[in-house]
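Examination of the molecular architecture
So you can see what is in the structure, the chains are spelled out below.
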Amino acid sequence: MAGGWLNGVKRDFTSEEALKEYFFFLADDALMLGQQLSSWCSKGPVLEQDIAIINTSLDHIGRARLLYQELAKMEGGEVTEDTLAYFRDHLGFRNALLLEQPNGHWGDTIARSFLIDTFNFYLFDKLRSCSNKALAGVAEKALKEIAYQAQWSAEWVIRLGDGTEESHHKMQQSINSLWMWSGELFEAHPMFDQLDDSFVRFESLREVWLHKIGEVIKEATLIMPSPELWMQTGGRYGVHTSELGFILAEMQSLARTHPEATW
Amino acid sequence: MSTTNWKLWEVFLRSKNGLSHKHVGSLHAPDSNMAIKNARDVYTRRSEGISIWVVPSESITASSPDEKDALFTPSDDKVYRHPTFYDIPDDVQHM
Amino acid sequence: MGTNVSLEDKFQSYVDAENKVEPKDWMPEKYRKTLIRQISQHAHSEIIGMQPEANWITRAPSLRAKLILLAKVQDEAGHGLYLYSSAETLGEPRDKMIADLQSGKAKYSSIFNYPTPSWADMGTIGWLVDGAAIQNQVMLTRTSYGPYARAMVKICKEESFHQRQGYEVVMKLTQGTLEQKEMAQESLNRWWWPSLMMFGPSDDNSPNSEQSMLWKIKRKSNDTLRQEFVDKTVPQAEYLGLTIPDNDLVWNEDRGHYDFGEINWNEFYDVVKGNGPCNKERIAHHVKAHEDGAWVREAASAFAEKQATRKNKESSAA
């Protein structure tokens with residue numbers, strides 16, 4: 001977290017800010033992933049998978065809504081789930097950089113989902129016993145969906161890794177190129193100083209995540225990149241890649257053209 | 001243009017315990033594992049089922065319609081198999 | 001030949017008695033061909049019809065609207081699949097149907113060759129296009145071919161939310177800001193006439209209709225369905241305060257129906273022939289997705305084969 005790149009970002013949080021920050025991490029991750037997966041609609045490799053990927057997209061956006069609704073309650077005033085999704089700029093978004101990486105080909109999308117779904121599975125499993133009742137409730141509902149997603153993306157990694165020579169090569173490339181965005185998921189963060197232990201510390205999931213990822217990659221006959229490789233950072237502090245600008249431009253354009261409108 | 005040579009599978013759903021599986025349609029998948037997953041995504045979008053069977057279409061042997069008479073007609077005259085065959089007074093309820 | 005005639009007569013009286021035809025039953029070859037053409041065309045319409053709406057999913061103006069639209073387009077994919085599945089019971093593989101779609105040999109509903117430049121189109125499509133489709137589909141739940149009829153029952157059940165969703169989108173616009181109202185009217189202006197064309201040529205010019213009616217594949221004529229649609233839709237537009245772009249539209253007391261203006265059949269045939277604004281784009285999009293996915297489908301097949309071989313080895317070793 002040191003270094004010039006993140007100079008000037010917020011490091012001190014009140015407990016109220018810390019709580020919101022935690023919700024924003026989860027909500028923005030869910031929205032970003034749901035938004036990206038939704039653009040596969042009508043472009044999947046086979047009709048059955050078009051339907052499957054839309055299902056997961058619906059789950060992510062649905063989860064994002066629940067979390068934004070909680071945030072809107074915390075923020076009060078005129079804030080709604082939609083003002084949070086549509087009227088924040090890139091600086092306000094707290095999603096991990098992994099989630100804003102482009103869809104690429106089917107293997108790229110699968111690799112991105114695999115890395116985050118596996119993380120989400122362990123995270124939401126533990127969050128079911130969070131002291132924040134709203135969050136525990138969301139986790140309880142979401143875990144069933146996430147378990148399915150994690151299985152779906154892991155199976156695809158295996159299928160592509162152990163498929164043809166071409167798919168094996170492509171899947172390895174996808175994992176390799178997305179790898180540097182995975183470390184950020186497990187970063188420590190100053191907000192945790194203000195949150196009790198039932199708010200799962202992301203770094204505590206790293207071991208079990210690495211183990212599971214390694215297992216699947218092995219079954220897929222692929223090579224796991226070293227966890228010691230250089231990892232990118234910034235998303236959790238609102239310092240994003242250029243990709244986010246395009247995602248937001250597309251997602252927010254209509255809502256911002258008619259700021260007074262209800263839909 | 002390459003083609004999808006994924007097998008065709010027939011899908012059967014049990015809508016709730018106590019009912020038998022019912023044929024709902026078919027789909028394509030390379031293996032049974034994905035066939036089950038696809039069936040879940042395609043045929044249970046509105047919670048239509050709690051249990052799924054998938055069967056490769058090629059594994060189903062169907063009776064030929066030409067044998068229909070031989071197979072099904074014999075039971076047409078076994079009216080005693082149907083409850084309405086028996087005269088029960090209306091006063092006797094719940095039967 | 002003599003036997004053939006009697007079989008066809010038998011078939012006709014079987015269908016006349018409102019019996020359903022099932023996949024392995026004997027049927028005239030032309031009945032089978034007609035069904036394959038119609039069901040696959042119907043399936044293609046669902047699949048190509050995803051594109052004009054998928055176009056707005058990433059830009060939907062609220063999270064609720066995004067979820068609803070996504071679920072709706074997903075239903076269309078599902079309906080396409082149900083329909084491909086019922087056409088496959090006639091011995092036509094999906095691969096072949098898709099190849100015919102991409103080569104232009106098979107058609108799909110021309111309505112999807114119009115663009116969707118406006119969010120209001122998400123409402124208008126649901127309201128008018130799905131409305132017109134439902135008109136047709138409700139009739140088809142009673143079609144004589146069993147698997148087709150069953151697919152339609154399922155589709156109609158699920159589609160009931162689509163038209164309501166569309167109407168709600170338009171209603172919110174008409175109750176909204178001035179710009180939103182204009183958006184709704186402008187969209188109706190573009191979609192009204194193409195929606196009427198969806199029912200196909202008028203009965204005098206519909207070459208396949210008569211035989212289809214006889215076989216009870218089709219149960220109502222194009223013009224009857226079109227009239228029902230107009231009668232139903234005009235009051236809905238009035239409720240929204242929108243103007244239907246037809247100066248000849250007027251209630252005819254004697255007929256008990258709305259009279260409406262002449263459809264521009266030249267435009268209809270031009271779009272059918274491939275000259276609509278989006279014909280090329282729709283097929284190119286489909287072809288690209290299919291080709292981009294080729295390596296994925298191949299990989300999944302290869303993996304399935306490997307798995308099967310491993311299983312065999314295990315069981316023979318045991």
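Note: the structure precedes this text.
None of the values given here were measured: they were computed from a predicted structure. (Residues numbered from 1 in each chain as written. Chains lettered and ligands numbered in written order. Predicted model: local features only at pLDDT ≥ 70, side-chain atom pairs only at ≥ 80, totals over all residues. Heavy atoms only, no water.)

**Some remarks on the overall build of chain B**
Counting its secondary structure elements, chain B contains two helices and three strands. Relative to its full complement of 95 residues, chain B shows a buried share of 29%. Taking the contacts inside chain B whose residues are at least 6 apart along the sequence as the reference set, 45% of them involve residues at least 24 apart. On chain B, roughly 6,500 Å² of surface is accessible, and the fraction owed to carbon and sulfur atoms is 53%. (Helix = DSSP H or I, 4+ residues; strand = E, 2+ residues; numbered from the N terminus. Buried < 20%, exposed > 50% of the residue type's maximum accessible area, 1.4 Å probe, protein only. Contact = heavy atoms within 4.5 Å. Areas by Shrake-Rupley, 256 points an atom, 1.4 Å probe, with all protein chains shown as cover.)

**Observations concerning the overall build of chain A**
A tally of helices and strands in chain A yields eight helices and zero strands. The order of helices and strands in chain A, counted from the N terminus, is α-α-α-α-α-α-α-α. Relative to its length of 263 residues, chain A is compact, with a C-alpha radius of gyration of 18 Å against a globular reference of 18 Å. Across its three principal directions, the C-alpha atoms of chain A cover 55 × 40 × 40 Å. Relative to its full complement of 263 residues, chain A shows a buried share of 62%. Expressed as a percentage of contacts within chain A between residues at least 6 apart in sequence, the contacts between residues at least 24 apart total 80%. By element, 55% of the accessible surface of chain A is carried by carbon and sulfur atoms, the whole surface being about 10,200 Å². Charge separation in chain A, taken as the distance between the mean sites of 23 positive and 38 negative side-chain charges, equals 3 Å. (Rg over C-alpha atoms; globule rule 2.2 N^0.38 Å. Lys, Arg positive; Asp, Glu negative; His and termini not counted. Charge placed at Lys NZ, Arg CZ, Asp CG, Glu CD.)

**Quick notes on the packing of aromatic side chains**
Within the structure shown, the criterion is met by 26 aromatic pairs over all chains. Measuring from ring centre to ring centre gives 5.4 Å for Phe119(A) and Phe186(A), while their planes differ by 85°; the resulting arrangement is edge-to-face. Here Phe119(A) is found in helix 4 (residues 106–127), whereas its partner Phe186(A) is found in the loop between helix 6 (165–179) and helix 7 (206–219), with 67 residues between them in sequence. With a centroid separation of 5.5 Å and 85° between ring planes, the pair formed by Tyr31(C) and Trp215(C) is classed as edge-to-face. Separated by 184 residues along the polypeptide, Tyr31(C) in helix 2 (residues 29–48) and Trp215(C) in the loop between helix 9 (209–214) and helix 10 (222–240) bring together distant segments of the chain. (Phe/Tyr/Trp six-rings, centres within 6.5 Å; stacked < 30°, edge-to-face > 60°.)

**Looking at the layout of surface pockets**
Of the volumes computed, that of the second largest pocket is approximately 1,300 Å³. If you trace the second largest pocket, you find 38 residues lining it, with Glu10(B), His23(B), Val24(B), Gly25(B) and Arg150(C) closest to the centre. Elements with a contribution of two residues or more to the lining of the second largest pocket: strand 1 (7–14), strand 2 (22–29) and helix 2 (68–72) of chain B together with helix 4 (63–88) and helix 7 (146–174) of chain C. Broken down by element, the residue count for the lining of the second largest pocket peaks at seven residues, all from helix 7 of chain C. When grouped by side-chain class, the residues that make up the lining of the second largest pocket number 14 nonpolar, eleven polar and 13 charged. (1 Å grid on protein atoms, 1.4 Å probe; cavity = no way out; pocket = protein on both sides within 12 Å on 5 of 7 lines; lining within 4 Å. Points joined across faces, edges and corners; volume = space filled by probe spheres on them. Nonpolar A, V, L, I, M, F, W, Y, C, P; charged D, E, K, R; others polar.)

**A closer look at the interface of chain C and chain A**
On the side of chain A, 49 residues touch chain C, which itself brings 45 residues to the contact. Of the roughly 4,000 Å² buried where chain C meets chain A, counting both sides, 69% is carbon and sulfur surface. Here chain C and chain A share three salt bridges between them. The salt bridge partner of Arg310(C) is Asp162(A), with a shortest N-O separation of 2.7 Å. Taken together, the links from chain C to chain A amount to 16 residue pairs in polar contact (both at pLDDT 80 or more). Looking at the side of chain C that touches chain A, the elements that each hand over two or more residues are helix 3 (50–57), helix 4, helix 7, helix 8 (178–197), helix 12 (279–292) and helix 13 (294–317) of chain C. Considering every element that reaches the side of chain C that touches chain A, the biggest residue donor is helix 4 of chain C, with 13 residues. (Buried area = accessible area lost by both parts, 1.4 Å probe. Salt bridge = Lys/Arg side-chain N within 4 Å of Asp/Glu carboxyl O. Polar contact = N/O pair within 3.5 Å; in protein donor to acceptor, adjacent residues only side chain to side chain.)

**Here we look at the interface of chain C and chain B**
Opposite the 25 residues of chain C that make contact, chain B presents 24 residues. When the buried surface of chain C facing chain B is broken down by residue, Lys24(C), Asp95(C) and Arg297(C) rank first, second and third, together holding 23% of it. There are four salt bridges connecting chain C and chain B. Here Asp75(C) makes a salt bridge to Arg45(B), at a shortest N to O gap of 2.7 Å. Of all the secondary-structure elements, those providing two or more residues to the side of chain C that touches chain B are helix 4, helix 5 (94–103), helix 7 and helix 13 of chain C. In terms of residue count, the dominant contributor to the side of chain C that touches chain B is helix 4 of chain C (eight residues).

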